[in-house]
Amino acid sequence: MDFGPYLLLASLEGAVLAAVLSLTALGLSLVFGVMRVVNVAHGEFFMLGAVASWFVATFVDETLGAPAWLGFAVALAVAPLAVGAFAWAADRLVLERVGYDPERTIVATIGLLYIVQQATLMGFGPDARPVQPPFNHRLALPWIEWGEEGLALYWPWGLSTTSYKLFVIAAAVVLLIAVWLVLSRTRLGLVMRATQFDRETAQAFGIPVDRVFAMTFAIGAGLAAIAAVLIVPIQQAHYLMGGDPLLLSFIVVIIGGLGSLRGTVLAALLIGMSDGIISVFFSPTLAKILATLLVAMVLVFRPQGLFGARPA
Amino acid sequence: MTGLMKPGALHVGVALLLLAANFLLPEYHHGAMARVLTLAVFAMGYNVMFGYAGLLSLGHALFFAAGLYGMGLPMQHLGLAAEPAFLLGIFSGALVAAVVGALALRTAGVAFMIVTLMFAQAGYLTILYFLEYTRGDEGFVIAREARTVFGLDLAAPEVRYLAAWLLFTVAMFVVLALVRSPAGRVLVAIRENEERARMLGYDVARYKLGAIVVSGALCGAAGAAYGLLFGYVGATFASVQYSILPLLWVLLGGAGTVLGPLLGATFMFYLIDLSSGITDAYMLIAGAALVALTLFAPAGLLGELRRRACPWLP
């Protein structure tokens, strides 16, 4: 393949990664924005979403004998709800009791990370398991080139994508718009923004801040779970799969500015696309080293712009 | 007078008890305790920064690995002898800590935790990237012939235990002297109220950086010793898990107590050791312990003891 088609292919892979990443990072960003705590177990909510998706899809397909698309559709509805409910319980049982103290919350969520990860290892096993995509048509892509007889359209070998990957991108766009609508147009969004703006005044105006926190934590986890359900037909479910999304979400959220929806989506696009493209041309390890160092340096030299007006 | 007598007697007593254990412990626990003592030095290094200076780092695996590789790489590739390699390991730990500290101290709180986490992650990935020299996750074994200090074979169980004991005892008294010195008191003052310490005229940033460098040197010493005593250098020791473990040990034993790290490391080591016989998911115990500690005993075992019964505990 020539350079041009190769770059297009890398960009498409990058766009799928960016779509999933923006949903995951948005969950992390929402939790930090409203609750002012860093949830280190966020990657495990992602992993739980993938594993729950596998259980639901397998149950529907094999036990009930339904077609693959139905299993996927049920998983898309059930997995985020289940993970959200789990996160709600975790918030009520752990985070609320440490009073959302930033440092103690981090230590507690590290503990939660290991509990969830290791419990999954016990219940789900160490194997990676696939979920059937609901549909998966191979789509060959054309490429335009200046040939001997002027512009010519041709189909380079290997330049293709699948209908499912395009569906992932579209679904992520729809979900992002939905989150934006909820935050800006509904009562729940208003209450969440009020809590983010000034916790104590919100409380004084009768907003049940503790319930808003639990709700926010559940929504954040649910977003990570949806992202995982979407990616699991492409990338199998595995108990250690939460590490990379966590790291990438951290990077996105810090570069994009914590609590800012637009910044998070833009940064996810930037990081997702460049990670996809850089990994194709360079060593992925080198790309990760540079990305982590970049995050550290941004935090060191531009903390005020990244943690909002109030330093965390 | 009791202010000096009791702690002194306690720590000398602990050191003697551990020395006696060399002759009393059965073979398996003899080897395990040598490991625990070395890891306890790692935890004590962590405690200097977290327990006394109040700086919560999530990247101490980097300092441990700096000691491990600062010792291991020159021995493996340049044929350096064990004694200078050990010193090089300590120096590497302190140097890496100084660089990371100088950068990370520009931030505070949650940002500090994330910055240290990111630096450690970059360090871990760097070790994987230079696969040719470090052998990545697989790691490399330091030949038994090379692991001799002043003619003593460190691979022999007796020598290994005594070497670990010596390292631990020296580190314990270094930390004890540090926290009872004026500089140690300033660190506690900074932990308790940074603004007030600054207003009293202390150069807060310099004391903090000092604490980080001492912490890095201790962790580097632990890493170098671990590599020498057990003969293995691998990237696992630079992974996130080894940044979380010292935090867990210190939280369990009691942050800001000299003996807490030893207690926490011993307790956790045996807990994980016992449970790994039952299940592969032994880190489940670590996770549950972390959550339980933050919820019910944020001061740790010795911290609670100090609060309730022994206010003189250093």
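The model shown is predicted, which means the values in this text are computed figures rather than measured ones. Counting restarts for each chain: residues are numbered from 1 in the order of the written sequence. To label them, take the chains in the order written and letter them from A, then take the ligands in the order written and number them from 1. Note on the predicted model: pLDDT of at least 70 is required for a residue's local features to be given, and 80 or more for side-chain atom pairs to be given and counted; whole-chain, interface and lining totals, by contrast, use all residues. Note that water and hydrogens are dropped before the side-chain values are worked out from all heavy atoms of the structure.

Q: Honestly, the overall build of chain A in this entry has me stumped. Any pointers?
A: In this text, helices come from DSSP runs of H or I with a minimum length of four residues, and strands from runs of E with a minimum of two, each type numbered from the N-terminal end. Per the secondary structure count, chain A includes 12 helices and 4 strands. Buried residues are those whose accessible area, probed at 1.4 Å on protein chains only, stays under 20% of the maximum for their type, while exposed residues exceed 50% and partly exposed ones sit between those limits. Among the 312 residues that make up chain A, the fraction classed as buried is 51%. Contact definition: two residues touch when any of their heavy atoms are within 4.5 Å. In chain A, 76% of the contacts between residues at least 6 apart in sequence involve partners at least 24 apart. Accessible surface, chain A as shown: approximately 14,100 Å² in total, 68% of it carbon and sulfur. Where accessible areas are quoted, they stem from the Shrake-Rupley method and a 1.4 Å probe; at the residue level, only the protein chains shown are allowed to cover.

Q: Is there a simple way to explain the nonpolar core in this structure?
A: If you look at soluble globular proteins, the nonpolar side chains tend to sit buried side by side. The criterion is simple. A nonpolar core is a set of buried Ala, Val, Leu, Ile, Met, Phe, Trp, Tyr and Cys residues joined through side-chain atoms within 4.5 Å. Formed by 136 residues in total, the largest nonpolar core has its most connected members in A:Ile110, B:Leu18, B:Leu58, B:Phe168 and B:Leu247. By residue number, the principal contributor to this core is helix α2 (residues 27-52) of chain B, which donates 16 residues. Filtering out sequence-adjacent residues up to four positions away, B:Leu58 remains in contact with A:Ile106, A:Ile110, B:Met113, B:Thr116, B:Leu117, B:Ser243, B:Ile244 and B:Leu247. With 65 residues, the next largest nonpolar core counts A:Val179, A:Val212, A:Phe213 and A:Ala221 among its residues.

Q: What is the right way to look at the environment of A:Gly43 in this model?
A: All names here are of chain A. Tracing the backbone through its elements, the reader meets Gly-43 in helix α2 (residues 42-63). Residue class for Gly-43 comes out buried when judged on its relative accessible area of 1%. Along the chain, Gly-43 and Leu-246 lie 203 residues apart, while their C-alpha atoms are 4.5 Å from each other. Ignoring anything within four residues of it in the chain, the contact list for Gly-43 reads Gly-242 and Leu-246.

Q: Mind showing me how you'd approach the UniProt feature "transmembrane region" (unreviewed entry) in chain A here?
A: Residue and element names in this part refer to chain A. UniProt positions are given in the numbering used here, feature names are shortened, and annotations may be inferred rather than shown by experiment. Mapped onto this structure's residue numbering, the UniProt feature "transmembrane region" (unreviewed entry) falls at residues 6-32, 44-60, 66-90, 164-183, 212-234, 246-271 and 277-301. Taken end to end, residues 6-32 has its terminal C-alpha atoms 38 Å apart, with 100% of it in helix and 0% in strand. End C-alpha atoms of residues 44-60 are separated by 24 Å, and the span's content is 100% helix alongside 0% strand.

Q: What should I look at first to understand the packing of aromatic side chains in this one?
A: The description of an aromatic ring pair rests on the distance of the ring centres and on the angle between the ring planes. Residue and element names in this part refer to chain B. Here a pair means two rings of Phe, Tyr or Trp (six-membered ring of Trp) with centres within 6.5 Å. Their orientation is stacked below 30 degrees between planes, edge-to-face above 60, and tilted elsewhere. Applying the stated rule across the entire model yields 22 aromatic pairs over all chains. Ring centres of Phe-64 and Tyr-242 lie 6.5 Å apart, and the angle between their planes is 15 degrees; this geometry places the pair in the stacked category. Placement of Phe-64 in helix α3 (residues 61-78) and of Tyr-242 in helix α11 (residues 241-253) is noted, with a sequence separation of 178 residues between them. According to the relative accessible area criterion, Phe-64 is buried, its value standing at 0%. Looking at Tyr-242, the relative accessible area reads 16%, which means it is buried.

Q: How should the UniProt feature "transmembrane region" (unreviewed entry) in chain B be read in this particular structure?
A: All names here are of chain B. The feature "transmembrane region" (unreviewed entry), as annotated in UniProt, sits at residues 6-25, 37-65, 85-105, 112-131, 162-188, 209-235, 247-272 and 284-303 in this numbering. Annotation note: span residues 209-235, helix share 81%, strand share 7%, distance between end C-alpha atoms 27 Å. As annotated, residues 284-303 has a helix share of 85% and a strand share of 0%, and its two end C-alpha atoms lie 24 Å apart.

Q: For this particular structure, what's the right way to read the interface of chain B and chain A?
A: Many descriptions give the size of an interface as the accessible area lost when the pieces come together. Chain B puts 37 residues into the contact, and the matching count from chain A is 38 residues. Taken together, the two surfaces of chain B and chain A that pack against each other cover about 3,400 Å², and 84% of this comes from carbon and sulfur. Salt bridges, as used here, are contacts in which a Lys or Arg side-chain nitrogen is within 4 Å of a carboxyl oxygen on Asp or Glu. Applying the counting criterion to the chain B and chain A interface returns 0 salt bridges. Counting only elements with at least two residues in the side of chain B that touches chain A, the list comes to α5 (109-129), α11 and α13 (283-296) of chain B. Top element by residues in the side of chain B that touches chain A is α5(B). It accounts for 14 residues. Of the residues contributing to the side of chain B that touches chain A, the split by class is 27 nonpolar, 8 polar and 2 charged. Simply put, the buried area is the total loss of 1.4 Å probe accessible area from both parts when two parts are fitted together. Nonpolar residues are Ala, Val, Leu, Ile, Met, Phe, Trp, Tyr, Cys and Pro. Charged residues are Asp, Glu, Lys and Arg, and all others, Gly as well, are polar.

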